[in-house]
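# A structural walkthrough
Spelled out, the chains give:
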Amino acid sequence: MSESGASGFPPGGPSRQPLMHPENLSLDSGGFSSPPVNFLQELPSYQSTARKRTNIPSRDKQSGTLLKPTDSYSFHLEEGITENLDSQSIRKYALNISEKRRLRDIQETQMKYLSEWDQWKRYSSKSWKRFLEKAREMTTHLELWREDIRSIGGKFGTGIQSYFSFLRFLVLLNLVIFLIIFMLVLLPILLTEYRITNSSFVLIPSKNTDVQCTLYPISSSGLIYFYSYVIDLLSGTGFLEETCLFYGHYTIDGVRFQNFTYDLPLAYLLSTIAYLALSLLWIVKRSVEGFKINLIRSEEHFQSYCNKIFAGWDFCITNQSTANLKHSSLRYELRADLEEERIRQKIAERTPEETIRIYSLRLVLNCVVLAVLVACFYAIYRATIFSQEHMKKEIDKMVFGENLLILYLPSIVITLANFITPVIFARIIHYEDYSPGFEIRLTILRCVFMRLATICVLVFTLGSKITSCDNYSCELCGYNQKLYPCWETQVGQEMYKLMIFDFIIILAVTLFVDFPRKLLVTHCSSWKLMKCWGQQEFAIPDNVLGIVYGQTICWIGAFFSPLIPAIATLKFIIIFYVKEMSLLYTCRPSPRQFRASNSNFFFLLVLLIGLCLAIIPLTISMAHIPSSKACGPFTNFNTTWEVVPKTVSTFPGSLQSLVHGITSEAFAVPFFMIICLVMFYFIALAGAHKRVVVQLREQLSLESRDKRYLIQKLTEAQRDVRN
């Protein structure tokens, strides 16, 4: 070695000397005289690899060299990039500028040896990708409320921003649902009704149906008092009952155009199936990214601390008060993690007597929760029966408030249950001795079940009243025709009332609770009561549950009231501006903030639960409950689903055989087995990917240990040289 090499650093200072490779470093008491292999064997990565030598092939065991993980990874990465230069853009790879330039030179060199046809294909592919990128950039400027949502994210963080993005998604979803129903159901009727096209309605007289089953008296014969308009507008009765807002208006068997006859019952059923399938696919598509993040999330607590400390900051925040709140949120999360660690240690140190005591207490408290849920469901059941039995009284026989109270009694009971039960659940869970994170998840799960199950209880209560007869037989019509001559319309009216009442409650709470509370807290801050009450918090889970509740009502009610998606679209648009004003002027963000990645997946998961609960009553009502004989497009069918076999019977013989074969058990069983095999394959693939992620994390940990070890050795070498 030369003198400068022996000294380790040139005279200009240690910062100018390039970092030496570990192969060139070998230390002992006398300096750099020992062989490099002995030094390499001291690296933590080598020690870890030596413990796993049993997994290495024998031809690699005989080798005395150690292949560094970074070198192997770089080699395979470069090889993969050079092979995929045709299909991938270089900018997508996490490489420095010099490496990207070198790869671009390789790509240009490869282009010279290609034929003109291959060169043209590659250039056209690049141009098409560039065009798609530009188009995607242009569409981002056309997003609804783009600037408002970005401003909210800048002031309050990505957690609250994700709530408003989720609200925008529901607006677009309901708009698309309304367009599907409008194009398939309403548009052919409007074209015929207003003589826009040369078409006519097809009305097929009912066969083997008693005349009594076809009687359909409108609930309100005339509008005598002014408040009758208000009642009809709020309850969907009277003049609204005869409009296209409800199911009973579409008592048409088809629309005859010049060249074909449009089957309206089939279109009505297909529109329902289409919007449910579209909602499912759209929700699953949006939740895939969040699921990927949750799939590879590590359970290591030390990494959780590092992520919160080094990567927990929200760089969208530009407001000082929000930045202070984010600091407190991070402190809260760290305290919650430490509390969870303390509870884990406490659980590990529990005696058998303490374990029996805490599990007995949890069993009792869960019985209390079940009792609260049963009491709420029974109250909704009794309120629905009372309302249905008394809503047929004439309007002039009761005062305005009494009539409105009876009409809205189920909605009022459901709203009270949704307000009271979360408070009870929050009190109960403090005594169950769970970790803070699990407390939040369990409380949200109970509130989700409560909110969405109340709608199902209402629908099933109506279904039991529709199919039950007290003093006479239902065999004549198949349902209680005396109380429900057009039961689909009356179910649609209940969904309509739930939608309107939920909207009124949201506006009333914002205008008459949040704004006065803000004024009192601001101008009467010296009062002890105001200090205890505090400013209203913008709780993301509660607000999300509210709009998911409204969306579930929309999914159920769209079959019975085809224009409910349009009402839901207008409702969510108004809620967006109301919540934005409430957030900016009356609320402060909750200290328990959600990160955007966690929030998006959580919101869509709750929405998917609501969709599944909405499909259950719709399926039962379409497949099992007899359709009304006095209104609607299915008067000639026993159930709504019977239109499908009738349509299949009009197909050619070969197509009928194909459809019957697909729907038979001979096809269903092998198809189910294939689907199970595909599912198991993807589960195994996901497990393999997760193992690879774990290995890469271990490799990163070893790399960090190697760097730390090398820095220590370099420091010791520099100290020895100076001495």
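Bear in mind the structure is a predicted one, so any value in this text is a computation, not a measurement.

## Re the overall build of the protein chain
Looking only at helices and strands, one finds 25 helices and 5 strands in the protein chain. For the protein chain, buried positions account for 39% of its 723 residues. Here the protein chain has roughly 41700 Å² of accessible surface; of this, 63% comes from carbon and sulfur atoms.

## Some points on a nonpolar patch on the surface
A cluster of nonpolar side chains, contributed by F651, L655, L658, I662, F667, F671 and I675, occupies part of the molecular surface with about 610 Å² of accessible area. Elements supplying a minimum of two residues to the nonpolar patch: α24 (653-662) and α25 (665-722). In this structure, I675 sits in helix α25.

## Section: the nonpolar core
Counting residues in hydrophobic clusters, the biggest one holds 115 residues, and the most contacted among them are Y163, F164, F166, Y275 and W555. Looking at which element gives the most residues to this core, the answer is helix α9 (residues 158-193), with 14 residues. Beyond its immediate stretch of four places on either side in the chain, F166 contacts V544, I547, V548, F603, L604 and L607.

## Details of the side chain of T384
Here T384 is to be found in helix α14 (residues 352-390). A residue is classified by how much of its surface remains accessible, and T384, at 0% relative accessible area, is buried. Setting aside chain neighbours within four positions, we find T384 in contact with P410, L458, T461 and L462.

## Some words on the UniProt feature "transmembrane region" (unreviewed entry) in the protein chain
Under the feature "transmembrane region" (unreviewed entry), the UniProt entry names residues 169-191, 266-284, 363-385, 405-430, 442-463, 566-587, 599-620 and 667-688. Along residues 169-191 the backbone is 100% helical and 0% strand, and the end-to-end C-alpha distance reaches 31 Å.

## As for the pattern of salt bridges
For the structure on display, the rule yields 5 salt bridges. Between E147 and R146 there is a salt bridge; the shortest N-O distance is 3.2 Å.

## Side note on the packing of helix α18 (residues 487-523) against helix α21 (residues 564-585)
For the pair α18 and α21, the least separation of the axes is 11 Å and the interaxial angle reads 10 degrees. Classed by the angle they form, the pair α18 and α21 counts as roughly parallel. Residues G492, M495, Y496, M499, D502, F503, I506, L507, T510, D514, F515 and K518 of α18 form the contact with α21, whose participating residues are I564, I567, A568, K571, I574, I575, V578, K579, S582 and Y585. Here the contact of α18 with α21 is composed, by residue class, of 14 nonpolar, 3 polar and 5 charged.

## A short note on the sheet that holds strand β3 (residues 261-262)
Strands sit in the order β1-β2-β3 across an open sheet of 3 strands; the sheet is antiparallel. Looking at strand neighbours, the two that pair on one side only are β1 (200-202) and β3, the edges of this open sheet. Alignment of strand β2 (residues 254-256) against β3, held across 2 bridges, turns out to be antiparallel. By the bridge assignment for β3, V255 is matched with Y262.

## Here we look at unusual backbone geometry
One non-glycine residue with positive phi stands out, namely W145, at about 55 degrees. Tracing the chain through its elements places W145 in the loop between α7 (116-140) and α8 (146-156). Backbone geometry places R195, a non-glycine residue, at a positive phi of 55 degrees. Relative to the assigned elements, R195 resides in the loop between α9 and β1. Among the residues examined, R195 registers a relative accessible area of 67% and is labelled exposed.

## Regarding the confidence of the model for the protein chain
Looking at the protein chain as a whole, the pLDDT averages 76, with 77% of positions reaching at least 70. In the predicted structure, residues 1-37 sits below a pLDDT of 50 and forms 40 contacts with residues beyond four places in sequence or in another chain. Every residue in residues 54-77 is under pLDDT 50, and counting partners more than four places away or in other chains gives 18 contacts.

## Things to note about the side chain of S287
Tracing the backbone through its elements, the reader meets S287 in helix α11 (residues 264-295). Exposure remark for S287: the relative accessible area of 15% places this residue in the buried category. A polar contact of 3.0 Å, which involves the side chain of S287, links it to the backbone oxygen of V284. Not counting the four nearest positions on each side in its chain, S287 is found in contact with F601 and L604.

## Some details on the environment of D232
Relative to the elements of secondary structure, D232 occurs in helix α10 (residues 226-235). Judged by relative accessible area, D232 falls into the buried class, the value being 0%. Taking the C-alpha atoms as reference, D232 lies 9.8 Å from L404; in sequence the two are 172 residues apart.

## Side note on a positive patch on the surface
Side chains of R101, R104, K126, R130 and K134 sit close together on the surface and give a patch of like positive charge. Inspection of the secondary structure assignment puts R130 in helix α7. Look at R130 and you get partly exposed, because its relative accessible area is 48%.

## Focus on the packing of aromatic side chains
For the structure on display, the rule yields 25 aromatic pairs. When the ring of Y247 is compared with that of Y268, the centres are 5.7 Å apart and the planes differ by 90 degrees; the resulting orientation is edge-to-face. One end of the pair, Y247, is in the loop between α10 and β2; the other, Y268, is in helix α11, with 21 residues separating them in the sequence. With relative accessibility at 0%, the residue Y247 sits in the buried group. For Y268, a relative accessible area of 2% gives the class buried.

## Examining the packing of helix α20 (residues 540-560) against α21
As a packed pair, α20 and α21 sit with axes 9 Å apart at the nearest point and diverge in direction by 165 degrees. On the basis of their axis angle, the class for α20 and α21 is roughly antiparallel. By crossing handedness, the relation of α20 to α21 is classed as right-handed. Contact with α20, carried on its side by N543, I547, G550, Q551, C554, G557 and A558, involves I564, P565, A568, K571, F572 and K579 of α21 and no other residues of that element. Grouping the constituent residues of the contact of α20 with α21 by class yields 7 nonpolar, 4 polar and 2 charged.

## Observations regarding the environment of N636
Along the chain, N636 falls in the loop between α22 (596-623) and α23 (643-649). Distance from N636 to T209, taken between C-alpha atoms, is 8.8 Å for residues 427 residues apart in sequence. Once residues lying within four places of it in the same chain are set aside, the contact partners of N636 are I204, P205, S206 and D253. One polar contact links N636 to D253, side chain to side chain, over a distance of 3.1 Å.

## Looking at the environment of R168
Tracing the backbone through its elements, the reader meets R168 in helix α9. Since its relative accessible area comes to 15%, R168 is described here as buried. Expressed as a C-alpha distance, the spacing of R168 and T569, which sit 401 residues apart in the sequence, is 9.8 Å. Excluding residues that lie within four positions of it along the chain, R168 makes contacts with E143, L144, W145, R146 and I149.

Criteria and thresholds
- Residues numbered from 1 in each chain as written.
- Predicted model: local features only at pLDDT ≥ 70, side-chain atom pairs only at ≥ 80, totals over all residues.
- Heavy atoms only, no water.
- Helix = DSSP H or I, 4+ residues; strand = E, 2+ residues; numbered from the N terminus.
- Buried < 20%, exposed > 50% of the residue type's maximum accessible area, 1.4 Å probe, protein only.
- Areas by Shrake-Rupley, 256 points an atom, 1.4 Å probe, with all protein chains shown as cover.
- Patch = residues over 30% accessible without salt bridge, like charges linked within 9 Å, V, L, I, M, F, W, Y side chains within 5 Å.
- Salt bridge = Lys/Arg side-chain N within 4 Å of Asp/Glu carboxyl O.
- Core = buried A, V, L, I, M, F, W, Y, C linked by side-chain atoms within 4.5 Å.
- Contact = heavy atoms within 4.5 Å.
- UniProt positions renumbered as here; feature names shortened; annotations may be inferred.
- Axes fitted to C-alpha atoms, helices over the stretch in contact; angles between N-to-C directions.
- Parallel < 35°, antiparallel > 145°, perpendicular 65-115°, else oblique.
- Nonpolar A, V, L, I, M, F, W, Y, C, P; charged D, E, K, R; others polar.
- Pairing = 2+ DSSP bridges.
- pLDDT = per-residue confidence, 0-100.
- Polar contact = N/O pair within 3.5 Å; in protein donor to acceptor, adjacent residues only side chain to side chain.
- Lys, Arg positive; Asp, Glu negative; His and termini not counted.
- Charge placed at Lys NZ, Arg CZ, Asp CG, Glu CD.
- Phe/Tyr/Trp six-rings, centres within 6.5 Å; stacked < 30°, edge-to-face > 60°.
- Left-handed = near helix turned anticlockwise from the far one by under 90°.

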